Amino acid sequence: DARVTQTPRHKVTEMGQEVTMRCQPILGHNTVFWYRQTMMQGLELLAYFRNRAPLDDSGMPKDRFSAEMPDATLATLKIQPSEPRDSAVYFCASGYDPNRYNEQFFGPGTRLTVL
Amino acid sequence: AQSVTQPDIHITVSEGASLELRCNYSYGATPYLFWYVQSPGQGLQLLLKYFSGDTLVQGIKGFEAEFKRSQSSFNLRKPSVHWSDAAEYFCAVGEGDDKIIFGKGTRLHILP
């Protein structure tokens, strides 16, 4: 049963610390998405990749957030330095373009709390 | 730009009653449409999708949705809800080759 995995599932950190979240997309998928979910804003797209190339990171605060795909099996989202307003659930999703018509498969999320 | 509107933030229904969650989209061409469900503490799971063809699509867990181009709607229905259906439901429309635009979600509460 192929699924997207994310680590860690929960992270509590102090303001100013670096946070790294990892995602393993489904094998064979070539698109990867990072979302942030909060009560106030709902589900926001932060960045996405196709064939490991970043295509759109317009939803991401550039000064502190960075997203990379070191290889096809790993995507990372880094926050440095973290701030309390970054507290949210961060989801990774993967898909296969072009034959899946935008269908995305979501991981379980990383719940981040910044104190 | 594409957009999705879910006019109901919360919906409460009794167990065993029928359910309809509303979704309206804005899209110039034939849309790719989705309904996702998110149970508490979980990621999003695809319930069903519409790409083309039959406008009534069947999904998992007994859900169905009907695409109505004239109304720009893609409402989700279930004839009889179960307590386990309590969750948040997201309607979404595909944009471009890859992206999905999500609605704000409708939280479904089930009364025993």
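Conventions we followed
- Residues numbered from 1 in each chain as written.
- Chains lettered and ligands numbered in written order.
- Predicted model: local features only at pLDDT ≥ 70, side-chain atom pairs only at ≥ 80, totals over all residues.
- Heavy atoms only, no water.
- Helix = DSSP H or I, 4+ residues; strand = E, 2+ residues; numbered from the N terminus.
- Rg over C-alpha atoms; globule rule 2.2 N^0.38 Å.
- Buried < 20%, exposed > 50% of the residue type's maximum accessible area, 1.4 Å probe, protein only.
- Contact = heavy atoms within 4.5 Å.
- Areas by Shrake-Rupley, 256 points an atom, 1.4 Å probe, with all protein chains shown as cover.
- Lys, Arg positive; Asp, Glu negative; His and termini not counted.
- Charge placed at Lys NZ, Arg CZ, Asp CG, Glu CD.
- Disulfide = S-S within 2.5 Å.
- Core = buried A, V, L, I, M, F, W, Y, C linked by side-chain atoms within 4.5 Å.

A. Layout of the overall build of chain A. A tally of regular secondary structure across chain A gives 0 helices and 11 strands. In sequence order, the secondary structure elements of chain A are arranged as β-β-β-β-β-β-β-β-β-β-β. For 115 residues, the compact-globule formula gives about 13 Å, and the C-alpha radius of gyration of chain A, at 13 Å, lands near that figure. A burial count over chain A gives 46% of its 115 residues as buried. Across chain A, the fraction of contacts at a sequence separation of at least 24, relative to all contacts at a separation of at least 6, is 55%. Here chain A displays about 5,900 Å² of accessible surface, and carbon together with sulfur accounts for 49% of that area. If you average the places of the 13 positive and of the 13 negative side-chain charges in chain A, the two averages end up 3 Å apart.

B. Expanded view of the state of the cysteines. For the structure shown, the criterion picks out 2 disulfides over all chains. Here A:C23 connects covalently by a disulfide to A:C92, the sulfurs 1.9 Å from one another. With the S-S bond torsion at -60°, the cross-link from A:C23 to A:C92 turns out left-handed. Here A:C23 is found in strand 3 (residues 19-24), whereas its partner A:C92 is found in strand 9 (residues 88-95), with 69 residues between them in sequence. Summarising the burial analysis for this pair, A:C23 and A:C92 share the class buried. Across a sulfur-sulfur distance of 1.9 Å, B:C23 and B:C91 are joined as a disulfide pair. Looking along the S-S bond of the B:C23-B:C91 disulfide, the torsion reads about -65°, which is the left-handed sense. You can see B:C23 sitting in the loop between strand 3 (19-21) and strand 4 (24-26) and its partner B:C91 sitting in strand 10 (residues 87-95), a full 68 residues away along the chain. Taking the relative accessible area as the measure of exposure, B:C23 reaches 0% and is therefore buried.

C. Structural context of the nonpolar core. Residues and elements named next belong to chain B. Residues L19, W35, L47, L48, F74, L76 and Y89 are the most contacted members of the largest nonpolar core, which totals 26 residues. Contributing elements (two or more residues each) for this core: strand 2 (10-14), strand 3, strand 5 (33-38), strand 6 (44-50), strand 8 (64-68), strand 9 (73-78), strand 10 and strand 12 (106-111). The biggest single contributor to this core is strand 10, with 4 residues. Excluding anything up to four places from it in sequence, L47 contacts W35, Y36, V37, G59, I60, K61, F63, L76 and Y89.

Shape is all these values report; function is a separate question.
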